[in-house]
Amino acid sequence: MHIAIAGNIGCGKTTLTKMLAKRYGWEARFEPVDVNPYLEDFYKDMARWSFNLQIYFLNKRFKDVVEISKATDRTIIQDRTIFEDARIFAPNLHEQGYMSDRDFENYTDLFDLMMSLVGLPDLMIYIRSTIPNLIAQISKRGREYEQSIRIDYLKGLNDRYEEWIKNYPGQVLI
């Protein structure tokens, strides 16, 4: 079984993933934040690094989805999904002018091809949060590169999350 946790930066995905994995003995898959070679550069120059960062995440998450689809004998809970990258983060970067039309179209075509090869999670858990809560949580966890996240960027993500989850085609728990 594949259970996925979705939600904006700082909403508590990792905490919930750890709690559920521990409580039920599920295998947890975490977002590759601490080993991402693009993340710090991205927050310094979003326009320069947005495509590189999104391709990095797309690659890592597609590998996870393929591995998860082969693990039919156990339950895996995933912190952040491939859908969020393609339906929330990349479009938000494109809309805010940080990703060119050409890069966004290339990225979207690649995502669509990848998704034609895998299915949806058995359950999507969406964590809804307010912007003030996200800012407080981001500040509390203290990742240096996240301290410069702009409020309009977080708001754009939150708006996209709300639109996406309304139309999510699979099983969802909010």
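Provided above is the structure to which this section pertains.
Residues numbered from 1 in each chain as written. Predicted model: local features only at pLDDT ≥ 70, side-chain atom pairs only at ≥ 80, totals over all residues. Heavy atoms only, no water.

## Quick look at the pattern of salt bridges
Part 1 of the reasoning: Across all of its chains, the model carries 13 salt bridges by this definition.
Part 2 of the reasoning: We note a salt bridge from Lys166 to Glu163, for which the minimum N-O separation is 2.8 Å. Residue Lys166 and its partner Glu163 are both found in helix H7 (residues 151–166); the two are separated by three residues, about one turn of the helix.
Part 3 of the reasoning: Here Lys166 falls in the exposed class, since its relative accessible area comes to 59%.
Part 4 of the reasoning: Among the residues examined, Glu163 registers a relative accessible area of 45% and is labelled partly exposed.
Part 5 of the reasoning: By sharing partners, the salt bridges in this structure join Glu27, Arg29, Asp64, Glu67, Asp73 and Arg74 into a single network. (Salt bridge = Lys/Arg side-chain N within 4 Å of Asp/Glu carboxyl O. Helix = DSSP H or I, 4+ residues; strand = E, 2+ residues; numbered from the N terminus. Buried < 20%, exposed > 50% of the residue type's maximum accessible area, 1.4 Å probe, protein only.)

## Looking at the nonpolar core
Part 1 of the reasoning: Core analysis: the biggest nonpolar cluster contains 49 residues, and Ile9, Ile82, Met124, Tyr153 and Trp164 have the highest contact counts within it.
Part 2 of the reasoning: Ignoring sequence-local partners within four residues, the contact set of Trp164 consists of Ala6, Phe83, Glu84, Arg87, Ile88 and Met124. (Core = buried A, V, L, I, M, F, W, Y, C linked by side-chain atoms within 4.5 Å. Contact = heavy atoms within 4.5 Å.)

## Observations regarding the pairing of strand S4 (residues 123–127)
Part 1 of the reasoning: Of all five residues that make up S4, four are buried, and the element is covered over most of its length.
Part 2 of the reasoning: Pairing of strand S1 (residues 2–7) with S4 involves five bridges; the strand directions are parallel. In the sheet register, Gly7 faces S4, and the bridge partner there is Ile127. (Pairing = 2+ DSSP bridges.)

## Observations concerning the pairing of strand S3 (residues 76–79)
Side chains on a regular strand alternate between the two faces of the sheet.
Part 1 of the reasoning: Residues of S3 alternate between two faces, with Ile76 and Gln78 on one and Ile77 and Asp79 on the opposite face, all of them buried.
Part 2 of the reasoning: Across four bridges, the pairing between S1 and S3 is parallel. Residue Ile3 lies in a different strand from S3, and its bridge partner there is Ile77.
Part 3 of the reasoning: In this structure, strand S2 (residues 27–29) lies alongside S3, joined through three bridges in parallel fashion. Directly across from Ala28, in S3, lies its bridge partner Ile77.

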